[in-house]
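# Breakdown of the fold
Spelled out, the chains give:
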Amino acid sequence: MSLQYLTETRRKLHALAEISGHEYKTSEFIVSELKRFGYKPKMIETGVYCDSGSGKGRLAFRADIDALPITENTAVTKVGFAAHDGVMHACGHDGHTANLLNVARIVGAKSNVPLRFIFQFGEEGIGGSEVMIERGVLDGVDEIYALHVCPELDEGEVGYCYGGMFAGCCEFDCAVKGVSSHCAVPEKGADAVRASVEIANAAYAAAAAQNTLINLGKIEGGAARNIISDSCASEYTLRFYDMNKCEAVMMDIERAALACDDRFGTTHDIITRSVYPPLINHALAVDKVRALMGEQAVEVAPRNTAEDFSNYLLKVCGCMVWLGVGAEGRRSPLHSNTFSFDERALLTGTDLFMNIIAERAA
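Presented here is a report on the structure given in the accompanying data block. Every chain's residues receive numbers from 1 upward, in the order its sequence appears when written. Owing to the predicted nature of the model, reporting of local features is limited to residues with pLDDT of at least 70; listing and counting of side-chain atom pairs is limited to 80 or more, with chain, interface and lining totals taken over all residues. Calculation of side-chain values draws on the structure's entire complement of heavy atoms; hydrogens and water are dropped beforehand.

### Quick look at helix α2 (residues 24-36)
What counts is decided by this rule: Numbering goes from the N terminus for both helices and strands, where a helix is a DSSP run of H or I of at least four residues and a strand is a run of E of at least two. One fewer than the residue count of a helix, multiplied by 1.5 Å, yields its expected span. Relative accessibility under 20% of the residue-type maximum defines a buried residue, over 50% an exposed one, and the middle range a partly exposed one, all with a 1.4 Å probe and only protein chains included. Should any heavy atoms of two residues lie within 4.5 Å, those residues are considered in contact.
Taking 1.5 Å as the rise per residue, α2 with 13 residues should run 18 Å; its terminal C-alpha atoms sit 18 Å apart, in good agreement. Residues T26, S27, F29, I30, V31, E33 and L34 constitute the buried set of α2. If you follow the buried residues of α2, they end up packed against α1 (2-16), β1 (42-44), β2 (47-52), α4 (93-107) and β4 (115-120). At the C-terminal side of α2, G38 shows a positive phi close to 100°.

### Overview of the sheet that holds strand β13 (residues 267-276)
Short version of the rule: Note on pairing: DSSP must find at least two bridges between two strands before they are called paired. Axis definition: a line fitted to C-alpha atoms, limited for helices to the stretch in contact. Angles are taken between N-to-C directions and run from 0 to 180 degrees.
A sheet is described by the order of its strands in space; here four strands give the open sequence β10-β12-β8-β13, paired in antiparallel fashion. Either end of the sheet is taken by a strand with one partner, and the two such strands are β10 (213-221) and β13. Sheet twist, expressed as the average angle between the axes of neighbouring strands with direction ignored, equals 15°. Alignment of strand β8 (residues 168-177) against strand β12 (residues 231-240), held across 10 bridges, turns out to be antiparallel. Counted as the bridge partner of G168 is F240 from β12.

### Observations regarding the packing of aromatic side chains
The criterion, for reference: Only the six-membered ring of Trp is used, alongside the rings of Phe and Tyr, when aromatic pairs are assigned; centres must lie within 6.5 Å, and planes under 30 degrees apart are stacked while those over 60 apart are edge-to-face, with the rest tilted. Note on geometry: a ring has a charge over it if NZ (lysine) or CZ (arginine) is within 6 Å of the ring centre and within 35 degrees of the ring normal.
This model, assessed by the stated rule, comprises 10 aromatic pairs. Plain terms: the ring middles of F172 and Y236 are 4.8 Å apart, the flat faces sit at 5° to each other, and that makes the pair stacked. Of this pair, F172 sits in strand β8 while Y236 sits in strand β12, and the two are 64 residues apart along the sequence. Grouping residues by exposure puts F172 and Y236 together as buried. Ring pairing ties together the aromatic residues Y39, F61, F117, Y145 and F353, which thus form one cluster. Between the NZ or CZ atom of R10 and the centre of the ring of F341, over which it lies, the distance is 4.0 Å.

### Description of the side chain of T9
Condition: In protein, a polar contact requires one atom able to donate a hydrogen and another able to accept it; more generally it is a pair of N or O atoms within 3.5 Å, and residues adjacent in sequence count only if both atoms are side-chain atoms.
Among the structural elements, T9 can be located in helix α1. Side-chain polar atoms of T9 contact the backbone oxygen of Y5, separated by 2.7 Å. The residues touching T9, leaving out its near neighbours within four places in the chain, are F29, A98 and L101.

### Section: unusual backbone geometry
One non-glycine residue with positive phi stands out, namely N211, at about 55°. Among the secondary structure elements, N211 is positioned in the loop between α6 (192-209) and β10. Classification of N211 as exposed rests on a relative accessible area of 67%. Even without being glycine, H335 reaches a positive phi, approximately 70°. Structurally, the position occupied by H335 is in the loop between β16 (317-326) and α10 (346-361).

### Observations regarding the packing of helix α8 (residues 283-293) against α10
Counted only if it meets this: Roughly parallel means an angle under 35 degrees; roughly antiparallel means over 145; roughly perpendicular covers 65 to 115; every other angle is labelled oblique. Crossings are classed by handedness, with left-handed meaning an anticlockwise turn of the near helix from the far one by less than a right angle and right-handed meaning a clockwise turn. Each residue gets one label: Ala, Val, Leu, Ile, Met, Phe, Trp, Tyr, Cys and Pro are nonpolar, Asp, Glu, Lys and Arg are charged, and the others, such as Gly, are polar.
Interaxial distance between α8 and α10 falls to 10 Å at its minimum, and their mutual angle equals 110°. As far as their axial angle goes, α10 and α8 are roughly perpendicular. Crossing of α8 over α10 shows right-handed handedness. From α8, K288, V289, L292 and M293 reach across to α10, where they touch T348, L352, N355, I356 and E359. Grouping the constituent residues of the contact of α8 with α10 by class yields five nonpolar, two polar and two charged.

### Overview of the nonpolar core
Rules: What we call a nonpolar core is a set of buried Ala, Val, Leu, Ile, Met, Phe, Trp, Tyr and Cys residues that are connected through their side-chain atoms within 4.5 Å.
Formed by 77 residues in total, the largest nonpolar core has its most connected members in F61, F117 and F119. At eight residues, strand β5 (residues 141-154) tops the list of elements feeding residues into this core. Of all hydrophobic cores here, the second largest spans 23 residues; its members include C174, F240, V249 and I253.

So, in structure tokens, the structure goes:
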């Protein structure tokens, strides 16, 4: 029954794929399923949550429900249930959601353990967890777990990591304004491109000094090769495992930008788009996963990707684990247009969550 439900549900969700903050049909489907199981779901924007059982100290599980603006390569994934062009569950959130719905289906709305099932919107870059936490989704919760599919691990494996599992992420822009002039008379201009290059060099140096990772992914400026630019815009991402180091790097970048203003006669504006804290697993929760999953549990190294499940772990004890979905012919990376998996891999995810619930009930 679990495999049938997981397969059918994952494929329905895959075909519904919607981008962050616009998961309207997805959340409508989740609500209808939860009501069918006897729950009374509540909405937070396009996110959904519901409770089973009563009492203090709820055990919570979280799944993310959004997709990515990617067109699926169905010639490779060979699925007959792909979403419309331009949106794809390339990060496996359809699997996360199907798994949690399956657990809710098995448990039912009258558990003897107080539970909360969280279906979070907007994980991919808009920080939906912050909104859901601010709106009370963790009220009464004292422990929380989540999983993320992983094509590098084999089906049946659960990857655990003590401490920092995912890096924190600060995405920011640097807009520099200058004065345009002909390159033959540079003293009449203020070179925004040159200032931006200097700021970029300083940013990389500051990140290296703090043992963090920075990337300048996009830069736009200038009108012609013989014209001093009056504007330049740069887009960065900074990855880190210590918020203090993030703040130190950003302060160094600001100081470098101020120095460039003095040197080149430019002005600047650094705009922070989003900040995710590093995801730091709690040792007691990781110990529990290892004990419950036995030989299926394998240790994995931290990654410099980001996950906004980190915000939950700042509030309550818990951890995230990797769920292996890799198999021969199915190793395409997350966020690629060829990512896919066999729903049988989700059975291990259901087993994990049910084991955690059983351990709490014992």
